[in-house]
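Fold and contact review
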Amino acid sequence: MTEDRKLEELEIIAWARLLKVSTRLLDVVERELKAAGLPQLAWYDALLELHRAGEAGLRPADLQKEMLLPQYNVSRLIDRLEGAGYAVRIPHPEDGRGQVLQITEAGRVLIRRMWRVYRRTVAENFASKLGKGDAGRLAELLKPLL
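Anyway, here's the lowdown on the structure attached to this text. (Residues numbered from 1 in each chain as written. Predicted model: local features only at pLDDT ≥ 70, side-chain atom pairs only at ≥ 80, totals over all residues. Heavy atoms only, no water.)

Notes on the packing of aromatic side chains
Within the structure shown, the criterion is met by four aromatic pairs. Measuring from ring centre to ring centre gives 6.0 Å for W43 and Y86, while their planes differ by 70°; the resulting arrangement is edge-to-face. In this pair, W43 sits in helix α2 (residues 41-53) while Y86 sits in the loop between α4 (74-83) and β1 (87-91), placing the two residues 43 residues apart along the sequence. In terms of burial, W43 and Y86 fall into one category: buried. Taken together, Y44, W115 and Y118 form an aromatic cluster joined through their ring pairs. (Phe/Tyr/Trp six-rings, centres within 6.5 Å; stacked < 30°, edge-to-face > 60°. Helix = DSSP H or I, 4+ residues; strand = E, 2+ residues; numbered from the N terminus. Buried < 20%, exposed > 50% of the residue type's maximum accessible area, 1.4 Å probe, protein only.)

See the structure below:
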């Protein structure tokens, strides 16, 4: 175990702001998606990862690892995506008991529709608030935290 380190006041402020900004921005995105009659951001997140996986698809556990947003009930999300026709489960080619998820054409159409709302919301509520070069500096500052 590492020795306890006293946090500086500015570190505490930065931590709190990081959490508040993240929560607020995600809330705005969710509201905008809902207003546009689109599903929750978790659907976009899952479908984007399935899209990136291509024909190989992803096992459910691998999908959960790749997702940007924490998702505690991936099996329920998968059921919903499949039920809506946005993803399909197929037998794993090497593991007869396992399954692989693939995005459908309807899923690809949905992520394009969702991305238009998501992109606009990020541009208006995040990118437009940053000065020239700030996004790059912020990305670099956050890099060690990943």
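That was the structure; now back to the text.
Digging into helix α5 (residues 105-125)
Because the α-helix completes a turn every 3.6 residues, residues three or four places apart line up on one side. Helix length check: α5 (21 residues) gives 30 Å between terminal C-alpha atoms against 30 Å at 1.5 Å per residue, within 8%. For α5, every residue scored as buried is listed here: G107, L110, I111, M114, V117, Y118 and T121. Contact partners of the buried residues in α5: α1 (9-35), α2 and β2 (99-103). (Expected span 1.5 Å × (residues − 1). Contact = heavy atoms within 4.5 Å.)

Considerations on the environment of L77
Within the secondary structure, L77 sits in helix α4. The class for L77 is buried, based on a relative accessible area of 4%. In this structure, the C-alpha to C-alpha distance between L77 and D45, residues 32 residues apart in sequence, is 11 Å.

A word on the packing of α1 against α5
Close contact between α1 and α5 brings their axes to 9 Å; oriented N to C, the two are set at 140°. Classed by the angle they form, the pair α1 and α5 counts as oblique. In the packing of α1 onto α5, the handedness of the crossing is right-handed. For the pair formed by α1 and α5, the contact residues are L25, V28, V29, E32 and L33 on the first element and M114, V117, Y118, R120, T121 and N125 on the second. The residue inventory of the contact of α1 with α5, partitioned by class, reads seven nonpolar, two polar and two charged. (Axes fitted to C-alpha atoms, helices over the stretch in contact; angles between N-to-C directions. Parallel < 35°, antiparallel > 145°, perpendicular 65-115°, else oblique. Left-handed = near helix turned anticlockwise from the far one by under 90°. Nonpolar A, V, L, I, M, F, W, Y, C, P; charged D, E, K, R; others polar.)

Things to note about the pattern of salt bridges
In total, this model carries seven salt bridges according to the counting rule given. The salt bridge involving R108 is made with E105; its shortest N-O contact spans 3.6 Å. Taken together, the residues R108 and E105, both in helix α5 and three residues apart, mark about one turn of the helix. Accessibility expressed as a relative area gives 47% for E105, which makes it partly exposed. For D134, the salt bridge is made with R137, and the minimal N-O distance between the two is 2.3 Å. Placement of both D134 and R137 in helix α6 (residues 134-142) is noted, with a separation of three residues, approximately one turn of the helix. On the accessibility criterion, D134 (27% relative accessible area) is partly exposed. Linked through salt bridges whose partners overlap, the residues forming this network are D79, E82 and R89. (Salt bridge = Lys/Arg side-chain N within 4 Å of Asp/Glu carboxyl O.)

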